[in-house]
Structures are given as structure tokens and as C-alpha cells.
Amino acid sequence: MRTVRVAGAEFDVRDEGEGDPVLLVAGGGASGRVWDLHQVPALRAAGFRVLTFDRRPLGNPPTAPDPHAAAVELLDVLAELDLPRCRAVGVSSGAEVVQELLLARPGLVTGAVLMAARGRGDLSGRAMADAERELAAAGTRLPPRYAAWQRAVLNLSPATWRREDELLDWLDLFEAAERAGTAPVPVPADGEPADRLAALGRVAVPVLVLGFEHDLIVPPWLCREVAAALPAARYAEIADCGHYGYLERPAEVNGALLDFLTGAP
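Below is a summary of the structure that appears in this document. Note that the structure is a prediction, hence the values are computed from the model and not measured.

Cut-offs used in this document
- Residues numbered from 1 in each chain as written.
- Predicted model: local features only at pLDDT ≥ 70, side-chain atom pairs only at ≥ 80, totals over all residues.
- Heavy atoms only, no water.
- Buried < 20%, exposed > 50% of the residue type's maximum accessible area, 1.4 Å probe, protein only.
- Helix = DSSP H or I, 4+ residues; strand = E, 2+ residues; numbered from the N terminus.
- Pairing = 2+ DSSP bridges.
- Right-handed = clockwise from strand over helix to strand, strands pointing away.
- Contact = heavy atoms within 4.5 Å.
- Polar contact = N/O pair within 3.5 Å; in protein donor to acceptor, adjacent residues only side chain to side chain.
- Phe/Tyr/Trp six-rings, centres within 6.5 Å; stacked < 30°, edge-to-face > 60°.
- Expected span 1.5 Å × (residues − 1).
- Salt bridge = Lys/Arg side-chain N within 4 Å of Asp/Glu carboxyl O.

### Looking at the pairing of strand β7 (residues 207-212)
Phase 1: Buried residues dominate β7, accounting for six of its six residues.
Phase 2: Covered by surrounding structure in β7 are V207, V209 and G211 together with L208, L210 and F212, the residues of both alternating faces.
Phase 3: Here four bridges tie strand β6 (residues 109-115) to β7, and the two strands are oriented parallel to one another. Among the inter-strand pairings, M115 is bridged to a residue of β7, identified as L210.
Phase 4: For β7 and strand β8 (residues 233-238), the ladder comprises six bridges, and the chain directions are parallel. Following the sheet pairing, G211 is matched in β8 by E237.
Phase 5: One crossover worth recording links β7 to the parallel β8 by way of helix α8 (residues 220-229), and it is right-handed.

### Details of unusual backbone geometry
Phase 1: At D82, a position not held by glycine, the phi torsion is positive, near 55°.
Phase 2: Turning to its location among the elements, D82 is positioned in the loop between α2 (67-80) and β5 (86-91).
Phase 3: Positive phi, close to 50°, is recorded for A116, a residue that is not glycine.
Phase 4: By the element assignment, A116 lies in the loop between β6 and α4 (123-137).
Phase 5: Judged by relative accessible area, which is 1%, A116 ranks as buried.

### Observations regarding the side chain of Q99
Phase 1: By secondary structure assignment, the location of Q99 is in helix α3 (residues 93-104).
Phase 2: Taking relative accessible area as the criterion, Q99 reaches 2% and is therefore assigned buried.

### Quick notes on the environment of R196
Phase 1: Structurally, R196 can be placed in the loop between α7 (164-180) and β7.
Phase 2: Overall, R196 belongs to the partly exposed group, its relative accessible area being 25%.
Phase 3: The spatial distance from the C-alpha of R196 to the C-alpha of A229 is 9.1 Å, given a sequence separation of 33 residues.
Phase 4: Sequence-distant contacts of R196, that is, excluding residues within four places in its chain, are made with E100, L103 and G119.
Phase 5: Within polar-contact distance, the side chain of R196 engages the side chain of E100 at 2.8 Å.

### Re the packing of aromatic side chains
Phase 1: Scanning the entire structure with this criterion turns up six aromatic pairs.
Phase 2: Relative to W149, the ring of Y146 lies with its centre 5.5 Å away and its plane at 45°, an arrangement referred to as tilted. Here W149 and Y146 lie together in helix α5 (residues 144-155), a separation of three residues that amounts to about one turn.
Phase 3: Classification of Y146 as partly exposed rests on a relative accessible area of 43%.
Phase 4: Here F174 and Y244 contribute two aromatic rings whose centre-to-centre distance is 6.0 Å and whose plane-to-plane angle is 70°, an arrangement assigned as edge-to-face. Here F174, found in helix α7, pairs with Y244, found in the loop between β8 and α9 (245-248); they are 70 residues apart in sequence, far enough to count as distant. Y244 carries the same exposure label as F174, and that label is buried.
Phase 5: In this structure an aromatic cluster arises from ring pairing among W170, F174 and Y244.

### Remarks on α4
Phase 1: Counted at 1.5 Å a residue, the expected span for α4 with its 15 residues is 21 Å, and the 21 Å between its end C-alpha atoms agrees.
Phase 2: Directly after α4, the chain includes G139, whose backbone phi takes a positive value near 70°.

### Describing the pattern of salt bridges
Phase 1: Under the definition given, this model contains 18 salt bridges.
Phase 2: Between R5 and E10 there is a salt bridge, and its shortest N-O distance comes to 3.8 Å.
Phase 3: Judged by its relative accessible area of 16%, E10 falls in the buried class.
Phase 4: The partner of D130 in a salt bridge is R133, and the shortest N-O contact between them spans 2.5 Å. On the criterion of helical spacing, the pair formed by D130 and R133 is a turn pair, its members being three residues apart in helix α4.
Phase 5: Bridged by salt links that share partners, the residues R5, E10, D12 and R56 form one connected network.

Here is the structure:
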């Protein structure tokens with residue numbers, strides 16, 4: 001592991017394997033370790049060098065940086081690592097960061113996978129962000145068991161809820177993370193997310209956009225909009241999964257991921 005300090009944050013970067021580099025960008029509040037269970041082993045077995053990271057803000061209370069600011073930080077990190085070109089994979093807000101990398105530094109990212117990606121704000125997203133800001137301002141902390149249930153409702157698919165043994169494992173995992181304080185949800189930044197769909201028309205590199213069939217946080221139609229805006233993109237949808245599709249359906253997600261990355265330049 002290597003620690004890289006940039007303005008406002010420190011990044012603990014894990015650099016594993018040999019071969020062409022692939023940068024994995026997790027969603028807001030998730031540790032870079034979230035990729036270790038499924039995606040990192042699959043990518044390493046396929047001959048890729050894999051970079052994951054955790055960001056630790058310096059000084060101010062933690063807030064979620066907007067995608068552009070997060071991309072600027074990542075550009076400084078990649079420069080410090082002397083990484084002139086890479087492929088990139090992002091999920092949820094991490095996918096928005098990858099979109100900003102594609103726009104800010106053409107040629108840096110030679111191929112990208114955007115999972116649960118949105119290119120604009122929507123009413124559902126605004127309502128959720130407003131609710132999370134209000135909850136944070138009130139200083140309210142949900143009881144761990146309730147917070148675990150809510151997280152499962154928002155992020156898992158009906159298919160997983162029907163498999164009760166599997167669902168129990170998820171609920172136990174979420175509750176343990178809540179009790180340990182390892183599942184913080186960053187307070188969303190104020191303001192409406194920028195509409196980036198027109199700007200994405202400038203991206204020339206190959207992109208795979210993956211939507212998750214039962215995603216309540218970033219519904220598939222928002223992902224399809226991103227794919228339609230990108231000149232060299234294709235869209236695929238993973239069935240029977242929610243916002244955590246890359247963890248719920250890792251075999252299907254990894255298959256799509258590797259098929260794309262092994263063909264990208």
C-alpha cells in the first residue's frame with residue numbers, strides 16, 4: 001500500500017498484480033476493499049494490474065466531494081503514481097467520477113466501465129439527497145438493526161429478498177458494519193448534480209455502461225441515458241439485482257467486465 005497526499009485528502013492506494021492497469025472507483029461511503037471479494041481476484045486472474053484506494057479527508061468534517069472535485073484529486077494521485085494510461089471501472093458516484101476523468105483528461109482512460117451511472121440529476125436522487133442532509137442536520141443516528149434493514153431495502157433486489165438464508169447474511173453484515181461504525185454515509189453536497197449528458201458526447205474511448213435491473217438508487221433508465229450520450233458506448237443490464245449488483249451478481253458482472261476490458265485498447 002502507498003499513501004498519496006493531495007490537497008484536502010490522503011489516498012491509501014493498493015496496487016496489486018501485473019499487466020495493464022485497471023483503476024477501480026467505489027461509490028460514496030464504500031471502502032476500496034469492497035472490490036476485493038469479487039472484482040480484484042477476477043481481474044488479477046485475467047492478467048490485469050488492479051488499483052483500489054481509500055480516501056481520507058483532511059481537516060474538515062467528511063463530506064462527499066462532487067464528481068469533478070473527486071476527479072481532480074484522482075488525477076493528482078495518478079500523476080504521483082506515474083500512471084499515464086489506465087482502464088477505469090466505477091460504480092454509482094464512483095462511475096460519475098470516472099465520467100469526469102474521461103472528460104478532464106482525454107487519453108488517460110483508454111476504456112471505462114460505468115456501473116449504476118447517471119449523467120444528470122433526477123427527482124428520486126434529489127429527494128434522497130435532501131432527506132440525507134436533513135437527517136444529518138438533525139444529528140439523528142438510526143438504530144443499527146433499522147439502518148441495516150433500510151440499507152437492504154434500498155440496495156438489494158427482490159430476488160435476493162426471496163432467498164432468506166442469503167438475505168439474513170446481508171442483514172447480519174449490514175448490522176455489524178453499523179455497530180462497528182464502518183458504514184458511514186457521506187452527507188451529500190448541496191446543489192443539483194450537473195447535467196453531463198451533452199458533455200459526454202466528447203468522449204471517444206470505448207465505454208461499457210452496466211445497469212442493474214432493480215436498482216432503486218440509480219434506475220436503469222438513467223444508465224441507458226449515459227450509454228446513449230457516449231459515442232462509443234454499449235449498454236448491458238444485469239438481471240435480478242439492485243444497486244449492489246456487482247456484489248449480488250458477481251459472476252454476471254465480472255463476465256461482462258472482463259469481456260469488455262480484454263477487448264478494450
